[in-house]
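A structural walkthrough
Given next are the chains, with one letter for each unit.
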Amino acid sequence: RAALLKNDAAGFYRSLDIALWEVIDQKLDLPGSSQQKPRAVILLAERGLDPIKTEQLRKCWQQCDWALYAPGADLQTDPALLKEAEAIAVAIERL
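The notes below deal with the structure included here. (Residues numbered from 1 in each chain as written. Predicted model: local features only at pLDDT ≥ 70, side-chain atom pairs only at ≥ 80, totals over all residues. Heavy atoms only, no water.)

Focus: the overall build of the chain
Here is the rule: For the purposes of this entry, the term helix denotes a DSSP run of H or I that reaches at least four residues, the term strand denotes a run of E that reaches at least two, and both are numbered from the N terminus. Computation of the radius of gyration draws on C-alpha atoms, with the globule rule given as 2.2 Å multiplied by the number of residues to the power 0.38. Burial classes: relative accessible area under 20% of the type maximum marks a residue as buried, over 50% as exposed, and values in between as partly exposed (1.4 Å probe, protein chains only). Residue contacts are defined here by distance: any two heavy atoms, one from each residue, within 4.5 Å place the two residues in contact. Using the Shrake-Rupley algorithm and a 1.4 Å probe, accessible areas are obtained, with residue cover drawn only from the displayed protein chains. For this count, His and the chain ends are skipped, Lys and Arg are scored as positive, and Asp and Glu as negative. Charge placement uses NZ in Lys and CZ in Arg. For Asp and Glu, CG and CD serve respectively.
Within the chain, the regular secondary structure consists of five helices and zero strands. Helices (α) and strands (β) of the chain occur, in sequence order from the N terminus, as α-α-α-α-α. In terms of overall size, the chain behaves like a compact globule, its C-alpha atoms giving a radius of gyration of 13 Å where 95 residues would be expected to give roughly 12 Å. By principal-axis analysis of the C-alpha atoms, the chain measures approximately 35 × 25 × 20 Å. In the chain, buried positions account for 35% of the 95 residues. Here the contacts in the chain between residues at least 6 apart in sequence split such that 67% fall between residues at least 24 apart. Of the accessible surface of the chain, which amounts to about 5,900 Å², a share of 51% is contributed by carbon and sulfur atoms. Across the chain, the 12 positively charged side chains and the 14 negatively charged ones have centroids separated by 3 Å.

Points about the state of the cysteines
For clarity, the cut-off: By definition, disulfides here are pairs of cysteine sulfur atoms that lie within 2.5 Å.
Considering all chains together, one arrives at zero disulfides under this definition. With no disulfide of its own, Cys 64 has Cys 60 as its nearest cysteine by sulfur position, at a separation of 4.6 Å. Overall, Cys 64 belongs to the buried group, its relative accessible area being 0%.

Quick word on the pattern of salt bridges
Worth spelling out the cut-off: Salt bridge criterion: a side-chain nitrogen from Lys or Arg within 4 Å of a carboxyl oxygen from Asp or Glu.
A complete count under the given rule lists three salt bridges for this structure. A salt bridge links Lys 37 to Asp 17; the shortest N-O distance between them is 3.4 Å. Note that Lys 37 is positioned in helix α3 (residues 37-46) and Asp 17 in helix α2 (residues 9-28), a separation of 20 residues in sequence. A salt bridge links Arg 58 to Glu 55; its shortest N-O distance comes to 3.3 Å. Here Arg 58 pairs with Glu 55, and both are found in helix α4 (residues 51-69), just three residues apart, close to one helical turn. Assessed through its relative accessible area of 42%, Arg 58 is described here as partly exposed.

And the structure:
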């Protein structure tokens, strides 16, 4: 939220990615070498994460990756993405 308020796009996407991983790590307790997005999505689906939330998680990560790693990306914060990520985090916590 702080990065959103400061309009710090790189910080926003980095924080979003880190926050999602923190919630996922708490739920799945993945060792560092197993912290791979495709693996996490599979394990969350196996634990019962709704398919819609699973797809939203994939898209959220895709947006974060694009914003952080695509050369010349025009970075802007996205309040709607923050709300979606919060809803995904709540769904994961409820598993």
